[in-house]
Structures are given as C-alpha cells and as structure tokens.
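# Structural features, examined
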2 protein chains.
Amino acid sequence: MDSFEPTIQKLRSKGFKLTPQRLAVIKYMIGNTNHPSALTIHKDLKKRYPSLSFSTVYNTLNVLEEIGEVRPLYIFSEHVNYDPSVEPHVHFLCTECNRIHDIFPHETEGIRLPVGELDGHLVTSSQVILRGICRDCR
Amino acid sequence: MDSFEPTIQKLRSKGFKLTPQRLAVIKYMIGNTNHPSALTIHKDLKKRYPSLSFSTVYNTLNVLEEIGEVRPLYIFSEHVNYDPSVEPHVHFLCTECNRIHDIFPHETEGIRLPVGELDGHLVTSSQVILRGICRDCR
DNA sequence: GTACTTGCAAACAGTTTGCATAGGC
DNA sequence: GCCTATGCAAACTGTTTGCAAGTAC
C-alpha cells in the first residue's frame, strides 16, 4: 500500500511541492508498465482531473525525471515515452502492436551489458531496445 | 573507391531515381561516423548545393532508410540522428560533448545481445545506447 | 513523354515558455 | 505571506505535406 510514499518524500526533500496534479501523475506512473507518453497520461488523467493542463503534465514529468523517479524513453521519433524508474531492465518494442514490453534480468540470460570502462569510455548507464514480434502477436 | 556504387545500385533496383541531390546525400552519409541529424546534413550540403531544400534531405533520408542504407537513431528527444547502416554495433553517447561514438563487437567482450526467442518474444534486431564520459572528455 | 523528384511554403505534432492567477507549506 | 505550481495560449522545433515546376530515364 502507499507505494508512492517514497516518491512523495523524495519530491519534498528536493524542495518541490506536492500538488494534487503531481500526486495524480505519481499515482498514475508508479507501477505502470505501459510506458505512456505525455499525451496518454494527460488523456487518462483528464477524466478525473478535467482542468489538468498539458504543461502541468510536462512539468511534473520533468520534475519526476529530475528526482530520478521516471525515465524518458526515446524509442519513437514522434514522442517520448516515460518509464517509472525501477530496477534495470530492457525494452522490447513489438513492431506489430507497437507496445513496449519490459524484460527483466532473470529472463535475459542472453544479454550482458558493460559497466565501467569500455574501449576507453566510462560507461555509466545503458539502454537496450529490442525489436521484433511480441509473444501476443506471434 | 566508389564505395557508394552498391547503394546507387540498390536505389535504382528499388525503382528510385538517382538525382544529384540524392547522390550528394549518399556521398555524405556513406562512411560517415558522425551520426548527423537532418539539420546537419542540410547545413553541410548547402555549401555545395545552395538550392538543396530540407524536404529533399528528409525525402532522401526516408528513401535511404527504406532501402536499408541508413538507420535512424532515436537517442535525443529533439531530433533524429542517422547512421549509415553497416555491421551491427552499439552507440555510446558522451554526456559531456554529446557526441555519439561507435563501438564495434571486437571491442565489446562485455556485451551480449539476444537473437531469436526471448521470454516468448521473437527478437529480430537490437539497439544499444550506452551513456557516460567518452575517452576524449575524461 | 511519363512518372518521379525538387523546392518552397504552409501545415503539423510534440514540447516548452510567458504570464496572470491559484494554492502549498 | 512567500514562492512555487497551474492553466491557458502562444511560441518553438523538427518533420511532413501539397503543389507547381523541373528532370531522370
């Protein structure tokens, strides 16, 4: 229960205020595995918060990114998708249904990614996008 | 020499015409390791082809993508970068200088990526973006 | 000669910004 | 009460589109 309490704490501790709009976005995002875009978030939340504006959604997403609670995914050219920041995982984009599936380490014996030094560069994070046909579309 | 002959062949074989503008973009892209954006391509080619328009650059990039000679990279939220499609490699984005470095398999003992089936999904391609500080900026 | 391509300008989509009002703490 | 956040509209950026004129083949 109240799995968004830590997020609220972090928000406040970094000097941001908790508004009903921000709380709504936090509740919407935490645990959400659909990798929604700002458009989708706004569309969905507008049902319950009719006055919610686009700029507030963007503002909140930028704040959540800043405090490390959300990660932008640049998978499509048209828009940014957002992923609640959890344990590291890779993304699988189905080219049929355009959905983004999460794949977690325990399912990914076939994947190994570098940390530390590689070819002289210092690697601090990695993002993997796999493409293909998802299990539902096959 | 004339390493772009195969590209021209492929272009023609798929029913596209070879125009001076397209040739210019092909020559600019083939072997280019800078992962330029459409803006950069246009800016650079405009010096030699002053009448070259944006829409022609975009048209040509889309054609080259269609025939598999160029691959769009969604690394930044703001714009698309283009990579001449060669042997599989991963990309390293330096968060200091914002340059994209190529890293090829022989340098990447630390990386393994899946092919075929994974967690029920059929994986056909993969894209890896590493982030950190590049060897020049360290 | 017949498509297809170009170049221009206008349209478009997603995101950001400016500013007056509202509201968290 | 102070200062940040909201909501609206307008601005902005990268990309796409419509169309008349030009050109590869």
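Everything that follows concerns the structure shown earlier in this document.
The text that follows walks through the structure, step by step, so that each part is easy to find. Computed from a predicted model, the values in this text were never measured in an experiment. (Residues numbered from 1 in each chain as written. Chains lettered and ligands numbered in written order. Predicted model: local features only at pLDDT ≥ 70, side-chain atom pairs only at ≥ 80, totals over all residues. Heavy atoms only, no water.)

## A look at the interface of chain B and chain A
Contact residues are listed per partner, giving 36 residues for chain B and 36 residues for chain A. Here chain B meets chain A over a buried area of about 3300 Å², counting both sides, of which 52% is carbon and sulfur. When the area that chain B buries against chain A is broken down by residue, the three leading residues are B:Tyr74, B:Arg112 and B:His121, summing to 20%. The interface formed by chain B and chain A contains four salt bridges. For the salt bridge of A:Arg138 with B:Glu117, the shortest nitrogen-to-oxygen distance reads 3.4 Å. Of all the secondary-structure elements, those providing two or more residues to the side of chain B that touches chain A are strand E4 (100-103), strand E5 (116-118) and strand E6 (121-133) of chain B. In terms of residue count, the dominant contributor to the side of chain B that touches chain A is E6(B) (13 residues). (Contact = heavy atoms within 4.5 Å. Buried area = accessible area lost by both parts, 1.4 Å probe. Salt bridge = Lys/Arg side-chain N within 4 Å of Asp/Glu carboxyl O. Helix = DSSP H or I, 4+ residues; strand = E, 2+ residues; numbered from the N terminus.)

## Concerning the protein's contact with DNA strand C
Near DNA strand C lie 22 residues; those nearest to it are A:Tyr58, A:Glu78, B:Thr19, B:Gln21 and B:Arg22. Restricting attention to atoms of DNA strand C within 4 Å of the protein, one finds that 76% of them are sugar or phosphate atoms. Separating a base nitrogen of DNA strand C from a side-chain N or O atom of A:Lys17 is a distance of 3.2 Å. Here a phosphate oxygen of DNA strand C and a backbone polar atom of A:Leu18 are 2.9 Å apart. Of all elements in the fold, only helix H4 (54-66) of chain A together with helix H2 (20-29) and helix H4 (54-66) of chain B reach the threshold of two or more residues within the surface near DNA strand C. (Near = heavy atom within 4 Å. Polar contact = N/O pair within 3.5 Å; in protein donor to acceptor, adjacent residues only side chain to side chain.)

## A closer look at the relation of the copies chain B and chain A
With an RMSD of 0.0 Å, the operation that places chain B on chain A is a rotation of 180° combined with a shift of 0.0 Å along the axis. Such a combination of rotation and displacement between the chain copies is what one expects of a two-fold axis. Mapped onto chain A, 100% of the interface residues of chain B again fall at the interface, so both copies present the same surface. (Least-squares fit on C-alpha atoms with pLDDT ≥ 70 in both.)

## Remarks on the protein's contact with DNA strand D
Close contacts around DNA strand D come from 22 residues, with A:Thr19, A:Gln21, A:Arg22, B:Tyr58 and B:Glu78 the closest. Protein-adjacent atoms of DNA strand D, using a 4 Å cutoff, are sugar or phosphate at a proportion of 81%. Note that a phosphate oxygen of DNA strand D is positioned 3.3 Å from one of the backbone N or O atoms of A:Ser53. Elements supplying a minimum of two residues to the surface near DNA strand D: helix H2 (20-29) and H4 of chain A together with H4 of chain B. Residues belonging to the surface near DNA strand D are distributed by class as follows: seven nonpolar, 10 polar and five charged. (Nonpolar A, V, L, I, M, F, W, Y, C, P; charged D, E, K, R; others polar.)

## Brief notes about the state of the cysteines
Residues and elements named next belong to chain B. Tallying each qualifying case throughout the model produces zero disulfides over all chains. Cys97 takes part in no disulfide bond, and the closest cysteine sulfur, belonging to Cys94, lies 3.6 Å away. Cys97 sits in the partly exposed class, given a relative accessible area of 29%. (Disulfide = S-S within 2.5 Å. Buried < 20%, exposed > 50% of the residue type's maximum accessible area, 1.4 Å probe, protein only.)

## Brief notes about the environment of B:Ser125
Structurally, B:Ser125 is set in strand E6. Along the primary structure B:Ser125 and B:Pro114 are separated by 11 residues, whereas in three dimensions their C-alpha atoms are 8.7 Å apart. Among residues more than four places away in sequence, those in contact with B:Ser125 are A:Ile129, A:Leu130 and A:Arg131.

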